[in-house]
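Reading the structure
So the chains spell out like this:
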Amino acid sequence: RASFCLPRWREMREAQHEFLGTQVGPRDLVGLITTDRPWTDLSLGRPIDAIRDEIDRPEWLNAEPQEQTAILRNCELEGLRGRIRADETYALLEGLVQLFAQVREDRTSIVFISNGLSRAAPDMGYGERRQLRLPPKIGLVNGRIQRIPRPSDMRDRFCEGEGRRLAETNFDRRFDNLVNAARAANVVFYPVGVPFFQAEATRAAAMGRGRAGFGVSPARMSNRVSGTLEDLAKATDGFLMNANGDVRTGLRLAASETGPHYVLGYYTTNAKRDGKLRAIKVRLKKNGADIQARR
């Protein structure tokens, strides 16, 4: 994004270059996209050199907004700009998950560089505030000064309808739906938390080496970044990386987890049709080996 400071972007760019140069194999399908573009613009299987050249051009971080977003920004929807951005981001992630579910059955990974993902509840007071902000139109009617009803043209109807939709959107429910779709499609999220508005964040944070929360410094990582992104990672069997930390090692670990794996199936011996959730555990007979499996 435009608020991504240049020094931090250089560090992130170098980490991505190393990842593409050392971890991507000849049979891997790799693509690059930002939330300023619809998911249908994603091109998989592009030459790695073309992706690296695109990363080297910082102007792609300041791309023109999508047509729908540009229209909404001109609708004077005060107080909903954050929801416009969240809606755009969710639309991208939902589209990518849907695409990957159709492309392949194998495990697919999304490295999601972001400063957070909204889980806001519906804004029930937006309608009242909207009415108060719209001043009445005054004019002459039969020689008398009085209020004139506002015309309801196509643009006004669109803006009002989108305003209501955005205000009534439950992003927490949308987050849960995204997670469920990703798990069903065997898609794993590896977010890179970028605290854009936390200028005092340390670059020398002590790095943890555990898989859960890899490279996260809770004392310095803002709640806005670590909260929803860590939930997204854990729910899809990934882990959160900190942009102020060792992203290179995190990307290498993510690549290693995307390697060989098994897709297991089974027939249950529990004949009860009670609609309850049942836990699944996968164990290895060999001692000393680690296994990562979804519940």
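Let me begin by describing the structure that accompanies this report.

What counts, and where the lines are drawn
- Residues numbered from 1 in each chain as written.
- Predicted model: local features only at pLDDT ≥ 70, side-chain atom pairs only at ≥ 80, totals over all residues.
- Heavy atoms only, no water.
- Axes fitted to C-alpha atoms, helices over the stretch in contact; angles between N-to-C directions.
- Helix = DSSP H or I, 4+ residues; strand = E, 2+ residues; numbered from the N terminus.
- Parallel < 35°, antiparallel > 145°, perpendicular 65-115°, else oblique.
- Contact = heavy atoms within 4.5 Å.
- Nonpolar A, V, L, I, M, F, W, Y, C, P; charged D, E, K, R; others polar.
- Buried < 20%, exposed > 50% of the residue type's maximum accessible area, 1.4 Å probe, protein only.
- Pairing = 2+ DSSP bridges.
- Salt bridge = Lys/Arg side-chain N within 4 Å of Asp/Glu carboxyl O.

**Comments concerning the packing of helix 4 (residues 81-103) against helix 6 (residues 154-168)**
Look at helix 4 against helix 6: their axes get within 10 Å of each other, and the N-to-C directions meet at 80 degrees. Taken as axis vectors, helix 4 and helix 6 run roughly perpendicular relative to one another. Of the residues in helix 6, those touching helix 4 at R83, I84 and D87 are R165, L166 and A167. A class-by-class count of the residues in the contact of helix 4 with helix 6 yields 3 nonpolar, no polar and 3 charged.

**Describing the pairing of strand 4 (residues 187-193)**
Of all 7 residues in strand 4, 7 are buried; the element is thus mostly enclosed. Where burial is concerned, the two faces of strand 4 agree: the one with V187, F189, P191 and G193 and the one with V188, Y190 and V192 are both buried. Pairing geometry for strand 1 (residues 108-114) and strand 4, over 7 bridges, is parallel. Each bridged residue has a counterpart across the sheet, and for S114 the counterpart in strand 4 is G193. Bridge count for strand 4 against strand 5 (residues 241-242) is 2 bridges, and the pairing is parallel. When the bridges of strand 5 are listed, V192 appears paired with M241.

**Here we look at the pattern of salt bridges**
Inspection of every chain in the model, using the stated rule, returns 17 salt bridges. A salt bridge links R252 to E18; the nearest nitrogen and oxygen atoms lie 2.6 Å apart. Note that R252 is positioned in helix 9 (residues 247-257) and E18 in helix 1 (residues 6-22), a separation of 234 residues in sequence. Its relative accessible area of 34% is what places R252 among the partly exposed residues. With a closest N to O distance of 2.8 Å, E94 and R174 form a salt bridge. Placement of E94 in helix 4 and of R174 in helix 7 (residues 171-184) is noted, with a sequence separation of 80 residues between them.

**A few points about the sheet that holds strand 4**
Judged by pairing direction, the sheet is parallel, and its 3 strands sit side by side in the order 1-4-5 without closing on themselves. Each end of this open sheet is capped by a strand with a single partner; those strands are strand 1 and strand 5. Sitting on the sheet, helix 4 is in contact with strand 1 and strand 4, with an inclination near 170 degrees to strand 1.

Honestly, it's all geometry; don't read function into it.
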